[in-house]
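Close look at the chain arrangement
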Amino acid sequence: QVQLAESGGGSVQAGGSLRLSCVVSGASTAGYCLAWFRQTPGKEREGVGTIGKFGETTYADSVKGRFTISKDNVKKTLYLEMNSLTPEDTAMYSCAGSLWAGANCRADAPGAWFKYWGEGTQVTVSS
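First, a word on what this report is: a plain description of the structure on this page.

Regarding the sheet that holds strand S7 (residues 67–72)
Reading across the sheet, the four strands line up as S1-S3-S8-S7 and stay open at both edges, with antiparallel pairing between neighbours. With one partner strand each, in any of the chains shown, strand S1 (3–7) and S7 form the two edges of the open sheet. Between one strand and the next, the sheet's axes are offset by a mean angle of 15°, whatever the strand orientation. By the bridge criterion, six bridges tie S7 to strand S8 (residues 77–82) in an arrangement that is antiparallel. Of the residues in S8, the one forming a bridge with Ile69 is Leu80.

Listed below in structure tokens is the structure:
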């Protein structure tokens, strides 16, 4: 079975950095549209960014220039490097995978397009 597991969350001061990891089991990271989402209680889930089959990346405007998505197809791990963090970045961050997003593997892709999800890792940024 395909499973995703996030790690690397924690509490940081504004302006700090964190690197999240998402280990993929039961499938190759090379064959999926992989995405990071985040959600805060009372707010809709927001797409943070994606990385496609060939390593192409997209980002939400809110994180562009601060966050970087990458993957290691050998280690079967997805990464989210977050820099210049602000309190507005506080959220539960989840990784997700989709086999059918295809050419629409973009940061604005709906969460409903993703079949596989991790349980999430909490990121808290203090001012």
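A short note on the pairing of strand S5 (residues 46–51)
Of all six residues in S5, five are buried; the element is thus mostly enclosed. As paired strands, strand S4 (residues 33–39) and S5 are joined by five bridges and run antiparallel to one another. Counterpart to Phe37 in the pairing with S5 is Gly47. Between S4 and S5, which pair antiparallel one after the other, the connecting turn spans six residues, and Gly42 there sits at a positive phi close to 90°. The pairing of S5 with strand S6 (residues 57–59) spans three bridges and is antiparallel. Across the sheet, Gly49 pairs through a bridge with Tyr59, a residue of S6. Hairpin remark: S5 followed by S6, antiparallel, with five residues in the connecting loop; positive phi at Gly55, about 90°.

The rules behind each value
Along every chain, residues carry numbers that run from 1 in the direction the sequence is written. Residue-level local features of this predicted model are given only where pLDDT is at least 70; pairs of side-chain atoms are given and counted only at 80 or more, and the full residue set underlies all totals for whole chains, interfaces and linings. By convention in this description, side-chain values take in all heavy atoms of the structure and omit both hydrogens and water. Pairing between strands is defined by DSSP: at least two bridges between them are needed. Helix numbering and strand numbering both begin at the N terminus, where a helix is a DSSP run of H or I of at least 4 residues and a strand a DSSP run of E of at least 2. What counts as an axis is a line fitted to C-alpha atoms, over the stretch in contact for a helix, and the angles between N-to-C directions run from 0 to 180 degrees. Burial classification: accessible surface area is computed with a 1.4 Å probe over protein chains only, and a residue below 20% of its type maximum counts as buried, one above 50% as exposed, and the rest as partly exposed.

The analysis is restricted to geometry; functional conclusions fall outside its scope.
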